[in-house]
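# Understanding the architecture of this molecule
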Amino acid sequence: QVQLVESGGGLVQAGGSLRLSCVASGRTFSTYGMGWFRQAPGKEREFVAGISWAGGSTFYADSVKGRFTISRDNAKNTVYLQMNSLKPEDTAVYYCAARTTPYTVGVVTIKETYRYWGQGTQVTVSS
């Protein structure tokens, strides 16, 4: 069982930066691949970025590539999403999620393969 709590969201002007954090409970955090997803009003939840359980592989949605960076600190049971050059279209509730099974290879973008979810943190980018 993994419980996730996100923080770091807020209101920022276009071009600004935010860093989201997701703290996980449980000693098995380091064995799970992690992902960040987002959901804007009236839209489907979409994949943003993912990182493998050991941190060796990362993958990004085209819309955030070059602007966002995902990382993890297994000693702190935390995964981060550094968001730079924010745009109004990045406005959404951001969720972190853990894969259903541990030790999976690589990064998967399909949200149905993530079993554990946080409550979300709001990110609003003003123009």
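Now for a description of the structure that goes with this document.

Two side chains that carry opposite charge are able to pair once their charged atoms sit near each other. Tallied over the entire structure, the rule returns five salt bridges. Note that Asp90 is salt-bridged to Arg67, the shortest N-O span being 2.8 Å. Residue Asp90 is found in the loop between strand 8 (78–83) and strand 9 (92–99), and its partner Arg67 is found in the loop between strand 6 (58–60) and strand 7 (68–73); the two are separated by 23 residues along the sequence. The buried category is assigned to Asp90, whose relative accessible area is 1%.

In this section: the state of the cysteines. Scanning the entire structure with this criterion turns up one disulfide. Disulfide pairing places Cys22 opposite Cys96 at an S-S distance of 1.9 Å. The sign of the 45 degrees torsion about the S-S bond sets the Cys22-Cys96 disulfide as right-handed. Taken together, the residues span a long stretch of sequence, with Cys22 in strand 3 (residues 18–24) and Cys96 in strand 9 at a distance of 74 residues. Comparing Cys22 with Cys96, the two get one shared label, buried.

Summarising burial for strand 5 (residues 46–51): five of the six residues are buried, a large majority. Pairing of strand 4 (residues 34–39) with strand 5, which is carried by five bridges, proceeds in the antiparallel orientation. Directly across from Trp36, in strand 5, lies its bridge partner Ala49. Between strand 4 and strand 5, which pair antiparallel one after the other, the connecting turn spans six residues, and Gly42 there sits at a positive phi close to 80 degrees. The sheet contact formed by strand 5 and strand 6 spans three bridges and is antiparallel. Residue pairing in the sheet places Gly50 in a bridge with Phe59 of strand 6. Hairpin connection, strand 5 to strand 6: the antiparallel pair is bridged by six residues, and Gly55 has positive phi, about 85 degrees.

A word on unusual backbone geometry. In this model, Ser85 sits at a positive phi of 50 degrees, which is unusual for a non-glycine residue. Tracing the chain through its elements places Ser85 in the loop between strand 8 and strand 9. Look at Tyr103: it is not a glycine, yet its phi comes out positive at around 60 degrees. Mapped onto the elements, Tyr103 comes out in the loop between strand 9 and strand 10 (114–117).

Parameters and conventions
Residues numbered from 1 in each chain as written. Predicted model: local features only at pLDDT ≥ 70, side-chain atom pairs only at ≥ 80, totals over all residues. Heavy atoms only, no water. Salt bridge = Lys/Arg side-chain N within 4 Å of Asp/Glu carboxyl O. Helix = DSSP H or I, 4+ residues; strand = E, 2+ residues; numbered from the N terminus. Buried < 20%, exposed > 50% of the residue type's maximum accessible area, 1.4 Å probe, protein only. Disulfide = S-S within 2.5 Å. Pairing = 2+ DSSP bridges.

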